[in-house]
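Structural characterization, general
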Amino acid sequence: MDSSDKNKPAGLAMQRFFNDPDDIVDETVAGFIKAHRDLVRRDPMNPRVVLSRFAPQEGRVGIVTGGGSGHEPAFIGYAGRNMVDAVAVGELFSSPTAQAFADAIRAADGGAGVAVLYGNYAGDNMNVKMARDMVAADGIKVALVVANDDVCSAPPAERAKRRGVAGEIFMWKIGGARAALGGDLAQVQAAAQKAIDACRSVGVGLGPCTLPAVGHPNFQIAPGTMEVGIGHHGEPGARVEPLKRADDIADDMLRIVLEDQDLAEGTEVAVLVSGLGATPVNELYVLYDRVETGLERAGLKVHRAIVGNYFTSLEMVGATLTVMALDDELRELLDVECAAPGISMPGRSVQPTAAISTPRPRRTGPAKAEAATERAPEATGDPRLDLHAASGIVSDLANVIVANKAYLSEIDGLIGDGDHGINMAKGFGRAAERIAGRDLSLAEAFSVLSDVLMTEIGGSMGPLYGFMFRNMSLAIDGRQAVDAEGFGVMLRAGLQGVRTTGAAELGDKTLVDCLVPAIAAYEVALPQGFEEALKAMAEAAEEGRDSTVDMVARLGRASRLGERSRGVLDAGATSCALILTTLAESVATRLSAT
């Protein structure tokens, strides 16, 4: 290797346009705002919120969405006139934070309530609902609609579990049009819900994509094969089969969506064929040609067709097909004129009034946990941990997470989207930087870590670990030291934070499968002393991590894979084991007697 190459980020070996992988989202948003300043603007309160230049409007329902970056023009590309008012921006393939969603809701509020229209992913569900709670004190009424149009991600009887994919574009279009025509919050919610209920989507992948911070594809599609039912983050599809001719692929995609809809002959439909990032647009038209032919053979009429790159997945090769069945209301709303960077459609003119010039005051700060947190007693036994000299524990945790970034992302990529290590390393690394050189207690250091995870990282791990460390901070706040009993109280408080935020139980193939047995082992070993209890916790954490290999995921993105999720470690359980084993080692080196 040339000596000059040692100073280059590892990802620069990729043939891609970026500077530092950690900055790519912020630089994307910056360039997007400059390029489309006639339609959008940056939120002055939060750089991870993009606003329509026409919002908020007094007395009009606000429309909010959000999601992970890497899908451009989704999500930021749909802010504009008679479309979305505010977009929360997440890391690559990762949900925006609750704070970003809350700031987007506040920015879109014109006094008539806000409809949040988003995709059905664990992190988005968690962060949107937290954001709704955060803005309740502002008196903002919030209605939610969750997109679940991806046919292959769950059977019809479990449609509530399906992913939201490109059908979200129709949901935003219809919801925005109803708001533009003066609908109240309930009417906007009903229209958006009707739109997504009328949508069915399917994706086909021909080649993988690569997160810049990882530097290699987080999944593989072998040459000569294709993956039917693939997700927008590269989640495995329903089946892998030999690559077919374009007409045969189009026929299969259309069959999948129409068999799930059972539309009456003569039904009018809107059709969206979107590339996944690296598919030449001419090939999308080849697919659409066959799709429309198939629709006509089925006795269906195409009212409007949209073909191009509308909901991508970095540089994945592939395409999605979305069919929305229309009735009179949906047809009327689809035909309302709109203008956004990602889509502009002529039609019925509805000119927006001027945006409110003086934004309403906003509250800030991370979400608050509702349940009371158990408090550790003052230390009475020996040995004990001096909390005022223990902030370095957080630095130790950060070091092990950063060192294992690639490993955690590799595990996550096997049945997820490959961003777990990236986001964890970014959150823990930032927290360590903010703690460095400061005279903080362990409670204060945990609080810094919690705030960073909840307000800057997002996904599902941001709030889960954020509340875990927040509760651990609260449990020991104001204490001079903790003994073995007090440390156990702190651990239980952390588990309470996870369970308050998420719904996972033992056996669901999540971090809970590591955390619960580790804390139980700690408490069983307490009579043997502090150090022995820490050792038992570390051993049980690793056993809990390993137990997830044989589990079938029941929550999160991997839950849609069924048996295909078996045989792989859970990324959350793996990071939890790293945290707990490092915590045990770091605490053990700091124990002292009075």
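Computed from a predicted structure; not experimentally measured.

Remarks on the packing of helix H15 (residues 512–525) against helix H17 (residues 571–588)
Axis separation between H15 and H17 bottoms out at 7 Å; the angle between their running directions is 35 degrees. Between H15 and H17, the residues in contact are Cys514, Leu515 and Ala518 and Ala573, Cys576, Ala577 and Leu580, respectively. Broken down by class, the residue content of the contact of H15 with H17 amounts to seven nonpolar, no polar and no charged.

Concerning the sheet that holds strand S17 (residues 591–592)
The strand order across the open sheet formed by three strands is S16-S15-S17, and the pairing between neighbours is antiparallel. Here the strands that pair on one side only, and so sit at the sheet edges, are strand S16 (481–482) and S17. Pairing of strand S15 (residues 384–386) with S17, which is carried by two bridges, proceeds in the antiparallel orientation. Across the sheet, residue Leu385 finds its bridge partner in S17, namely Leu591.

A short note on the environment of Met324
With respect to the element layout, Met324 can be found in strand S12 (residues 317–325). Spatially, the C-alpha atoms of Met324 and Glu265 are 14 Å apart, while their sequence positions differ by 59 residues. Dropping the residues within four chain positions of it, Met324 is found in contact with Phe170, Ile174, Ala195, Ala198, Cys199, Glu268, Val269, Ala270 and Leu334.

Some points on the packing of helix H10 (residues 405–415) against helix H11 (residues 420–435)
Two numbers describe a pair of packed helices, the interaxial angle and the distance between the axes. Between H10 and H11, whose axes approach to 6 Å, the crossing angle comes to 145 degrees. Residues Lys405, Leu408, Ser409 and Asp412 of H10 touch H11, and the partners they reach there are His420, Gly421, Ile422 and Ala425. Its residues assigned to classes, the contact of H10 with H11 comprises three nonpolar, three polar and two charged.

Notes on the pattern of salt bridges
Taken as a whole and judged by the stated rule, the model has 36 salt bridges. Measuring nitrogen to oxygen at the nearest pair gives 3.8 Å for the salt bridge that ties Arg290 to Asp247. Of the two residues, Arg290 sits in helix H7 (residues 281–297) while Asp247 sits in helix H6 (residues 246–261), which places them 43 residues apart along the sequence. Residue classification places Asp247 among the partly exposed positions, given a relative accessible area of 23%. Between Asp546 and Arg545 there is a salt bridge; the shortest N-O distance is 2.9 Å.

Each value, and the rule that gives it
- Residues numbered from 1 in each chain as written.
- Predicted model: local features only at pLDDT ≥ 70, side-chain atom pairs only at ≥ 80, totals over all residues.
- Heavy atoms only, no water.
- Axes fitted to C-alpha atoms, helices over the stretch in contact; angles between N-to-C directions.
- Helix = DSSP H or I, 4+ residues; strand = E, 2+ residues; numbered from the N terminus.
- Contact = heavy atoms within 4.5 Å.
- Nonpolar A, V, L, I, M, F, W, Y, C, P; charged D, E, K, R; others polar.
- Pairing = 2+ DSSP bridges.
- Salt bridge = Lys/Arg side-chain N within 4 Å of Asp/Glu carboxyl O.
- Buried < 20%, exposed > 50% of the residue type's maximum accessible area, 1.4 Å probe, protein only.

Limitation: the analysis is restricted to geometry and does not speak to function.
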